[in-house]
Amino acid sequence: MSLHRRDFLKLSGAGAMAAAFGGLGFNLAPVAARAEKLAIDEARQTTTICPYCSVGCGLVVSTAKDGKQRAINIEGDPDHPINEGALCAKGASLYQLVENDKRFTKVLYRAPYSDKWEEKSWNWAIETIAKRVKDTRDATFKEKNDKGQTINRCEGLASVGSAALDNEECWVYQAFLRALGLVYIEHQARICHSSTVPALAESFGRGAMTNHYIDIKNSNCVLIMGGNSAETHPVCFKWVMKAMENGAPLIHVDPRFTRTSAKADIHAPLRSGTDIAFLGGMIKYILDNDLIFKEYVVNYTNAPLIVGKDYDFKDGLFSGYDEKSRKYDKKKWAFEMDDKGIPKRDPSLKDPRCVYQLMKKHYSRYDLKTVSSVTGTPEAKLAEVYKTYSATGKPDKSGTILYAMGWTQHTVGVQNIRTMCLIQLLLGNMGVAGGGVNALRGEGNVQGSTDQALLYHIIPGYLPTPRASVKDLAAYNAMITPVSNDPKSLNWKKNQPKYMVSLLKAMFKDADPAEAYSWMPKLDDGQDGSWLVLFDRMFHGAFKGFFAWGMNPAASGANSHKTREALTKLDWMVNVNLFDNETGSFWRGPGMDPSKIKTEVFFLPAAVSAEKEGSITNSGRWMQWRYGGPKPLGDSKPDGDMIYELAQKIRELYAKDNGAFPAPIKGLNIDDWGDGHVYDPHKAARLINGYYLKDVPGKAPDGSDVIFKAGTQVASFANLKDDGSTCSGNWIYCGSYTGPDKKDNKAAKRSQEQTEAQAKVGLFPNWSWSWPVNRRIIYNRASVNEQGVPYQPQKPVLAWEPAEKKWVIDVPDGGGAPGTIYPFIMQQHGLGALFGPGLNDGPFPEHYEPMECPITKHALSKTLNTPTALIFAGEEAKRAVCDPRYPFVCSTYRVTEHWQTGVMTRWTPWLLEAEPQMFCEMSPELAELRGIKNGEKVILDNPRGQVWAIAMVTKRFKPFTVMGNTIHQVGIPWHYGWVHPKDGGDSANLLTPSVGDPNTGIPETKAFMVNVRKA
Ligand code: SF4
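Reading guide: rules and limits
- Each chain has its residues counted from 1, following the order in which its sequence is written.
- Only residues with pLDDT of at least 70 are given local features in this predicted model, and only at 80 or more are side-chain atom pairs given and counted; all residues enter the totals for whole chains, interfaces and linings.
- In computing side-chain properties, one takes all heavy atoms of the structure into account and sets aside hydrogens as well as water.
- Strands here are runs of E lasting at least two residues and helices are runs of H or I lasting at least four, both read from the DSSP assignment and numbered beginning at the N terminus.
- For this measure, only C-alpha atoms enter the radius of gyration; the expected value for a globule follows 2.2 Å times N^0.38, where N is the number of residues.
- Buried residues are those whose accessible area, probed at 1.4 Å on protein chains only, stays under 20% of the maximum for their type, while exposed residues exceed 50% and partly exposed ones sit between those limits.
- Should any heavy atoms of two residues lie within 4.5 Å, those residues are considered in contact.
- Only the protein chains shown count as cover for residues, and all accessible areas are computed by the Shrake-Rupley method using a 1.4 Å probe.
- His is not counted, nor are the chain ends, whereas Lys and Arg count as positive and Asp and Glu as negative.
- In this description, the location of a charge corresponds to atom NZ of lysine, CZ of arginine, CG of aspartate or CD of glutamate.
- A molecule or strand has a residue near it when one of that residue's heavy atoms lies within 4 Å.
- Residues are grouped as follows: Ala, Val, Leu, Ile, Met, Phe, Trp, Tyr, Cys and Pro are nonpolar; Asp, Glu, Lys and Arg are charged; every other residue, Gly included, is polar.
- Strands are treated as partners if at least two bridges between them are detected by DSSP.
- Think of each axis as a best-fit line through the C-alpha atoms, taken over the contacting stretch in the case of a helix, with angles from 0 to 180 degrees between the N-to-C directions.
- The working definition used for a salt bridge is a side-chain nitrogen of Lys or Arg within 4 Å of a carboxyl oxygen of Asp or Glu.
- Any angle that falls under 35 degrees is termed roughly parallel, while one over 145 is termed roughly antiparallel, one within 65 to 115 roughly perpendicular, and all others oblique.
- In this scheme the handedness of a crossing depends on how the near helix is turned from the far one: anticlockwise by less than a right angle means left-handed, clockwise means right-handed.
- Stacked, tilted and edge-to-face pairs are distinguished by plane angle, under 30 degrees for stacked and over 60 for edge-to-face with tilted covering the rest, among Phe, Tyr and Trp rings (Trp via its six-membered ring) whose centres lie within 6.5 Å.
- The set of buried Ala, Val, Leu, Ile, Met, Phe, Trp, Tyr and Cys residues whose side-chain atoms join them within 4.5 Å is what this entry labels a nonpolar core.
- Arc definition: directions from the helix axis to the C-beta atoms.
- Residue-level confidence of the predictor, termed pLDDT, takes values from 0 up to 100.

1. Notes on the overall build of the protein chain
- Counting secondary structure elements, the protein chain contains 32 helices and 40 strands.
- On C-alpha atoms alone, the protein chain measures out to a radius of gyration of 27 Å, which is about the 31 Å that the 2.2 N^0.38 rule sets for 1015 residues.
- Principal axes of the C-alpha set define a box for the protein chain whose edges measure 80 × 75 × 75 Å.
- A total of 1015 residues make up the protein chain; the buried ones form 66% of that total.
- Taking the intrachain contacts of the protein chain between residues at least 6 apart in sequence as the baseline, contacts between residues at least 24 apart amount to 73%.
- As displayed, the protein chain offers around 33,600 Å² of accessible surface, 53% of which is attributable to carbon and sulfur atoms.
- Side-chain charges in the protein chain split into 121 positive and 111 negative, and the spacing between the mean points of these groups amounts to 1 Å.

2. Brief notes about the site of the ligand
- By nearness alone, every residue bordering the ligand is listed as Cys 50, Tyr 52, Cys 53, Val 55, Gly 56, Cys 57, Leu 87, Cys 88, Lys 90, Gly 91, Pro 234 and Val 235.
- Among the elements of the structure, α4 (89-92) and α11 (234-245) are those that each provide at least two residues to the shell around the ligand.
- Classifying every residue of the shell around the ligand gives 9 nonpolar, 2 polar and 1 charged.

3. Here's the deal with the sheet that holds strand β1 (residues 43-49)
- The 3 strands are arranged β1-β2-β3 in an open sheet whose pairing can be described as antiparallel. Each edge of the open sheet is held by one strand with a lone partner, namely β1 and β3 (71-76). Neighbour-to-neighbour, the strand axes of the sheet open up by a mean angle of 20 degrees, direction not taken into account.
- Strand direction decides the pairing type here: strand β2 (residues 58-64) and β3, joined by 5 bridges, are antiparallel. Looking at the pairing, Ser 62 lines up with Asn 73 of β3.

4. Thoughts on the pattern of salt bridges
- Summed over the entire model, instances satisfying the criterion amount to 53 salt bridges.
- With a shortest N-O distance of 3.8 Å, Lys 314 and Asp 312 are connected by a salt bridge.
- Judged by relative accessible area, Lys 314 falls into the exposed class, the value being 56%.
- Each member of the salt-bridge network shares a partner with another, and the members are Arg 70, Glu 99, Arg 103 and Glu 611.

5. Regarding the packing of helix α13 (residues 275-288) against helix α17 (residues 379-390)
- For the pair α13 and α17, interaxial distance at closest approach is 10 Å and the crossing angle is 60 degrees. Taken together, the axes of α13 and α17 are oblique relative to one another. Judged by the sense of rotation from one axis to the other, the crossing of α13 with α17 is right-handed. Along its contact with α13, which presents Ala 277, Phe 278, Gly 281, Met 282, Tyr 285 and Ile 286, the element α17 presents Leu 382, Val 385, Tyr 386, Lys 387, Tyr 389 and Ser 390.
- Among the residues making up the contact of α13 with α17, the classes are represented as 9 nonpolar, 2 polar and 1 charged.

6. Examining the sheet that holds strand β8 (residues 157-160)
- With mixed pairing, 7 strands are arranged side by side in an open sheet as β5-β4-β23-β22-β21-β8-β9. Edge positions in the sheet fall to β5 (118-120) and β9 (185-186), since each has one partner strand and no second.
- Direction of pairing for β8 relative to strand β21 (residues 545-549): parallel, over a ladder of 4 bridges. Bridge pairing links Ser 159 to Phe 547 in β21.
- Each of β4 (107-110), β5, β8, β21, β22 (572-577) and β23 (600-605) is contacted by helix α6 (residues 122-140), which is oriented at about 130 degrees to β23, the strand it contacts most.
- Here helix α27 (residues 639-656) sits on the sheet and contacts β21, β22 and β23; the angle it forms with β21, its principal contact strand, is near 155 degrees.

7. A short note on the packing of aromatic side chains
- All told, the structure shown has 50 aromatic pairs when counted by the stated rule.
- When the centroid spacing of 4.8 Å and the interplanar angle of 80 degrees are considered together, the rings of Phe 293 and Tyr 791 count as edge-to-face. One end of the pair, Phe 293, is in the loop between α13 and α14 (294-300); the other, Tyr 791, is in the loop between β30 (769-770) and β31 (798-801), and 498 residues separate them in sequence.
- Between Phe 547 and Trp 549, the aromatic rings sit 6.0 Å apart at their centres with planes inclined by 40 degrees, giving tilted as the arrangement.
- Among the residues examined, Phe 547 registers a relative accessible area of 0% and is labelled buried.
- Using a relative accessible area of 0% as the deciding quantity, one classes Trp 549 as buried.
- Among the aromatic residues, those joined into a cluster by ring pairs are Tyr 311, Phe 313, Phe 318, Tyr 321, Tyr 328, Trp 333, Phe 335, Tyr 363, Tyr 366, Phe 835 and Phe 844.

8. Observations regarding helix α26 (residues 560-567)
- Most of α26 is tucked away, with 6 of its 8 residues classed as buried.
- Among the residues making up α26, those that are buried are Ser 560, Lys 562, Thr 563, Arg 564, Ala 566 and Leu 567.

9. Things to note about the nonpolar core
- Grouped together as the largest cluster of nonpolar side chains are 140 residues, with contacts concentrated most on Trp 171, Phe 176, Phe 547 and Trp 673.
- Among the elements that take part in this core, helix α7 (residues 167-180) stands out by supplying 9 residues, more than any other.
- Beyond its immediate stretch of four places on either side in the chain, Phe 176 contacts Ile 643, Leu 646, Ala 647, Ile 650, Leu 668 and Trp 673.
- Listed in part, the 76 residues of the second largest apolar core include Val 385, Ile 417, Leu 427 and Ile 778.

10. Quick look at the side chain of Thr 901
- Relative to the helices and strands, Thr 901 is located in the loop between β33 (888-893) and α31 (909-914).
- Given the relative accessible area of 3%, Thr 901 is considered buried.
- Discounting residues that sit within four places of it in the chain, Thr 901 has contacts with Asn 552, Ala 555, Ser 556, Arg 906, Trp 974, His 975 and Tyr 976.

11. Thoughts on the pairing of β23
- Counting buried positions along β23 gives 6 out of 6 residues, so the element sits mostly inside the fold.
- Side chains Glu 600, Phe 602 and Leu 604 of β23 all project onto a buried face; the interleaved residues Val 601, Phe 603 and Pro 605 project onto the opposite face, where all are buried too.
- Where β4 and β23 come together, 3 bridges link them in antiparallel fashion. Within the sheet, the bridge partner assigned to Arg 110 lies in β23 and is Val 601.
- Across 6 bridges, the pairing between β22 and β23 is parallel. Among the inter-strand pairings, Asn 577 is bridged to a residue of β23, identified as Pro 605.

12. A closer look at the pairing of β31
- Two elements, β31 and strand β32 (residues 806-809), share 4 bridges in a ladder whose sense is antiparallel. Along β32, the bridge assignment pairs Trp 800 with Trp 807.
- In this antiparallel pair of consecutive strands, β31 and β32, the connection spans 4 residues, and Lys 805 shows a positive phi of 50 degrees.

13. Some remarks on helix α15 (residues 355-362)
- For α15, the set of buried residues is Val 355, Tyr 356, Leu 358, Met 359 and His 362. Along the long axis of α15, the arc covered by the buried residues comes to 165 degrees, so they all point the same way.
- Where α15 is buried, its residues meet α13, β13 (313-314), β14 (317-318) and α19 (413-426).

14. Regarding the confidence of the model for the protein chain
- Chain-level statistics for the protein chain give a pLDDT mean of 95 and a share of 96% at 70 or above.
- Here residues 2-6 is modelled with pLDDT under 50, and outside its nearest four sequence neighbours on either side it reaches 8 contacts, counting other chains as well.
- Within the model, pLDDT remains below 50 along residues 8-26, and this stretch shows 24 contacts once partners closer than five positions in the same chain are excluded.

15. Remarks on the environment of Thr 1000
- Checked against the element boundaries, Thr 1000 lands in the loop between β39 (969-973) and β40 (1008-1014).
- Take Thr 1000: its relative accessible area is 7%, and that puts it in the buried class.
- Taking C-alpha positions, Thr 1000 is 9.4 Å from Thr 196, a pair spaced 804 residues apart along the chain.
- With residues near it in sequence (within four places) discarded, Thr 1000 still touches Arg 190, Ser 194, Ser 195, Pro 198, Val 414 and Ser 530.

16. Describing unusual backbone geometry
- With an omega of -5 degrees, the peptide bond between Trp 771 and Pro 772 qualifies as cis.
- Position of Pro 772 relative to the elements: it lies in the loop between β30 and β31.
- In this structure, Tyr 462 takes a positive phi of about 65 degrees despite not being glycine.
- Tracing the sequence through the fold places Tyr 462 in the loop between β19 (458-459) and β20 (463-464).
- The phi torsion at Ser 768 lies on the positive side, around 55 degrees, for a residue other than glycine.
- Relative to the helices and strands, Ser 768 resides in the loop between α30 (756-761) and β30.

Given below as structure tokens:
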């Protein structure tokens, strides 16, 4: 959008600057006036959203109107309700990212066995890559698997990327890859927050952050655990501070005393990897002291449901475990049903087989003494945290949890989050203002890229990837249609066939949906395509071609030596990025001999986010539109343009020479991606929303009959059909672009208009658009009692207007009058799940030690590690379990000034100056033990690799007492890599193990063992 002069004056700091320095005797008024004139008269202003973390801060970009069209200033957007003009160090340095002479702005090519890059043209690159794709696909495409089942899968190609793409680019990229037949499709979400999705979906029905950033201010108690928001999500922390100003205590549970701890009322240290023990102790405390919000627990959760007699738990194992396959038979954990097929329940919560009683029994072992001996947290500190947080179990109080990688990146990552979900349900903290389970995602659009399904196991809108045994669309639709016989369960997922058919029509518009289903690539039953598996297959030579799109896996993935070695096994790789990086240049990295590496590398230079148009979705599910300011620098291009051009070129090749199974390529609906020449994000956004393909009779909002004409946009996913008459690229985004014009793009809305009640809780319903259906706080039907009266009358999210028979304030999560439906509408039984029988590692979270840990004996059971973890044959010797050579627990983390592998921030001078090189934080006690002084160079090593770092000896780490022994922990940031700067150090992931969570495969990069010594 363009800003008016009046708006721009509001955000120009020039006047303020002149006034501020005037007091010091300087007169900067002429400079300020010149800056103001330059910015207004000689530049145009566009708004954008920060590309770094998931807070989604707004910025204003001033672009020179001269022929060069370069950015002359970028600053915080004062109108943006989340950041209100503020930015952290990364956002504030965006100008240096855009106007950066170290950006790669030419297409580069590295020939097999070559030791140098060569400059190439775009035409050459698109033609050559298209040919490589076709040759590889034709050579490795399989229509049937060994069982004779249809799979239509390309075996020789894989892709990782990318949360750096806009939503529209993500969607067209996944359609492009799936039309080619790829199933090995992964990206950053797998290795950062993949644990979040099944944990939240199993507990509540959807896999995303439940509330939103501004809502944190409404909390009566903020718990930050598995994260360090003050440093990693600084503008989010502004809203934590607002809650504190309103009287909310802040609790920080973390191995290290960080900037978040410094602001907290309570800092409780715990050993990395023991979060379930810590939180299990809180569950016991809540249950023992009867601090639950009973009405909520009985009416809105599955606490009263009766679990079948096959469920059991003994010696650290749930019933149904098969040692040979290392898997559980989840049927053993089923609920008992009555004769109508409805789960049996005991509202008194006294039945020994009800969820409540089983949970009580399960956590009875988690007493203060045992928990303290496992976690290393002093007993008094545990009791203080438990008491403070569980005070939010009162009906009119709410507590919120903010977490990040400290919870997700574990072999028990899903269950870490699940444990907190249990606590939030017991305390009645879901659906209310200031409550929720709030996943702080790490990339600007990693929420959106997950929604658009750049992951092997889902297709857009969280539908499961088709499997070989699900032979046709009818069978698939039956599989995705859960049945509930309970009249109070809305069971919304019963509508999924409409979303699947509409998705197939969006991808392959002219095909019959049943035929389009057959074209979709299919996984074999049980096939895992997650990140670690993908790179393990690559390591063993399974792929010929590979896209590393907007990603740097040679530094970001666990066990980096293995990843880097895997890249040498490829025939060719495409790396799309802004700067040189450890992936694109792997062939000239440490220990590599280019003359022995066959892999051809195509480097494609991408435009920076501020140079292109499209939407991104922040953690709070706000879909926000960004506008293009400066033109893409040099020969760089928006990712969408590259995908569109490649898709067109590959179609041309298949039109000329059919090749393997050409139908999905020829049938791919790329007409809705651009104008035949240039990619158009608005067209793609309209396709993702969806439109009518035929004239369809329906109802207008006032209830009158209406015909929705073919070609008009669908207003809401409630209107999508399973008969092929509608298309929608992603049902959860249906409602985001509801007309033909740019003004119908709701992601671009910038009005702060809201009712008094909405303003009270900071909903901002007219600023951007939030999925689903612009609902700002999901599960909000749980914020009112069965009569529709808000539990928190001082900060209601929803209220029932009896006279008008409608809900007001937020968009209700589920329709109907009060008391007619259960509040968790995406769940089959409509209830929040304290007992979660759908996960691979157990219906209740249980503490297990990390796969690499300093102890051999479990304090709570006989099962040391999670028995179903993802592991790789032959790598056992590379794990350091209680090995005296590697005695220290190590964890990785972020600093404010860097982002991910540092692939952008290491090239940003201001940021690099602030955090120039790898360091290792350690306690004075450990330093003394190893004879290390502050500032000395040290080596960290383990069986997988070693990295050097500068010792930072600090009281921020203290030794833990674990089961009677002293355990030291160290911490290292993971932002560095050998490419740049030369004396910055290399990736922390050279040390991390390739072991993963049994539900998602997320690698355990937050708790592993190392040795530390002087260099
Ligand atoms: S990195 Fe996050 S907190 Fe910092 S400016 Fe960007 S969006 Fe805001």
